[in-house]
There are 2 protein chains.
Amino acid sequence: MRKASRLGKRNSLSRDQIIEAAISILDESGKGGLTFQALATRLATGAGAIYWHVENKDDLLISACDVVIQRTLHSVVERPTPEETIRAVGLALFDCIDTHPWMGTVLAQTPGKMPMVRILELIGQQVRVIGVVEEWAAVSALLSYILGVAGQNAANAQFARKHGLDRSRFLGEVADVWACLDATAFPFVSSISCKLAEHDDRADFLAGIDLLIRAMLPVKR
Amino acid sequence: MRKASRLGKRNSLSRDQIIEAAISILDESGKGGLTFQALATRLATGAGAIYWHVENKDDLLISACDVVIQRTLHSVVERPTPEETIRAVGLALFDCIDTHPWMGTVLAQTPGKMPMVRILELIGQQVRVIGVVEEWAAVSALLSYILGVAGQNAANAQFARKHGLDRSRFLGEVADVWACLDATAFPFVSSISCKLAEHDDRADFLAGIDLLIRAMLPVKR
DNA sequence: ACATATATGGAATGACATTCCAACTATGGA
DNA sequence: TCCATAGTTGGAATGTCATTCCATATATGT
């Protein structure tokens, strides 16, 4: 990757094209499916040409993630209260990562980069509107929680894909393993193993957001 | 990897030896430093021999992580109240991952496996003692939060190592980038960029735990 | 038209994880 | 005691990638 394009581009490659193609491949085949070879094939070019527009694979992944994050966050409309807006942002992100699991992995591994900054900004603004005293503690807790859930979901999806299972079959397998644990050493885990398969990730996620929001609101209720 | 050892082992390899060697390498050189070649060299054997005792690299990473997690959690002594025990578990994990950043990556990528199950169990037990109504919501929020912070710290450390920076220099660089953002589009992030370098990850982590604990306690206070 | 900066595409290169395989070595019967 | 067998080893293939190289194109402005 050198500098910006200058040449007229009859039939040429552009950074945006490359990123869009990368997003398609990632959505279709997961993070493991994105190789420079696959990308070059889809774009009918060679791997070398791609490196003219993109620094390396991390650059590509972060940019792809950023494009989708921008679209996602842009689609969230402001709600009457900052609490509700935070919930809406959280849900939008949850659904986004549910649709594009590779994003969870990328987000969880690229600290301080743009995609995460956008999330931080949006949440930070809302927390600031609420006027929480321990502002940074609240914002960073929300962010870590969201990224944690994102990472978990991404890992689940990646594992499930690798072993050719769908989500519920995957959870079923986990539940089976948990159920076989020694109930003396693992009383809690074995007691919840049966509920694992039927739980609702999305509802759990929202419950966590609500816990955090409740704790950061002024001491009433 | 086939079955358990049976042969007398004068000068032989054992799974435990391999895992300990892997932990050393991971601690010294990070996740990127653990290759079967490096491991074979350190153990004065060949890569093939290692595969007799270990299924694949994931197996090795998970086992290494599990060994350290067991030691860590084992070292946490029960406190007078479940809340304090949860804090102690959290801090022990935080410090553990601070010392062994590779564990953050592994934990964040191996859903439902033993290392995470141990954490889940310990937290679940304490939350159960508290008697929270929305038990699962509370436990899963705590777990996701802890794994989220773990993942962030791991990513920071990994990035810093790759670029040969120490933690504070790394945060400094991030702060510089944030400070250059358009303050109109990113009012929150640019306003906190100056505080980034001097903040205390560990205190922030604990503050998040406290937020979650406070929110799950009965409605008093 | 020429010199130059931009771009391309495909062929190296170098790291790895993983698999293979040709020895080696206990162990438990004959 | 000695062999057949199953457990182990070490190192050499294999195959897949990211990344780099390089020999060609193709605009641009002079």
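Peer 1: Hey, could you run me through the overall build of chain A in this one?
Peer 2: Helix and strand counts for chain A come out as eleven helices and zero strands. Listed by position from the N terminus, the elements making up chain A come as α-α-α-α-α-α-α-α-α-α-α. Its C-alpha atoms give chain A principal-axis dimensions of about 65 × 45 × 25 Å. Burial analysis of chain A (221 residues in total) assigns 52% to the buried set. Of the contacts formed within chain A by residues at least 6 apart in sequence, a portion of 66% connects residues at least 24 apart. Here chain A displays about 10700 Å² of accessible surface, and carbon together with sulfur accounts for 53% of that area. With 24 positive and 25 negative side-chain charges, chain A shows a spacing of 8 Å between the two charge centroids.

Peer 1: Looking at this structure, I do not really get the domain arrangement of chain A. What am I missing?
Peer 2: Interface size is often expressed as the accessible area that is lost when the parts come together. Residue and element names in this part refer to chain A. Annotation of chain A at the domain level lists domain 1 (1-55) and domain 2 (65-216). Across the boundary between the two partners, domain 1 contributes nine residues, which contact nine residues of domain 2. For the pair domain 1 and domain 2, the summed buried area comes to about 750 Å², and 56% of that belongs to carbon and sulfur atoms. Summed over the three residues of domain 1 that lose the most area to domain 2, namely Ile23, Asp27 and Lys31, the buried surface amounts to 58% of that side. Between glutamate 20 and arginine 71 there is a salt bridge, with its nearest N and O atoms 2.6 Å apart.

Cut-offs used in this document
- Residues numbered from 1 in each chain as written.
- Chains lettered and ligands numbered in written order.
- Predicted model: local features only at pLDDT ≥ 70, side-chain atom pairs only at ≥ 80, totals over all residues.
- Heavy atoms only, no water.
- Helix = DSSP H or I, 4+ residues; strand = E, 2+ residues; numbered from the N terminus.
- Buried < 20%, exposed > 50% of the residue type's maximum accessible area, 1.4 Å probe, protein only.
- Contact = heavy atoms within 4.5 Å.
- Areas by Shrake-Rupley, 256 points an atom, 1.4 Å probe, with all protein chains shown as cover.
- Lys, Arg positive; Asp, Glu negative; His and termini not counted.
- Charge placed at Lys NZ, Arg CZ, Asp CG, Glu CD.
- Domains from an automatic or database assignment.
- Buried area = accessible area lost by both parts, 1.4 Å probe.
- Salt bridge = Lys/Arg side-chain N within 4 Å of Asp/Glu carboxyl O.

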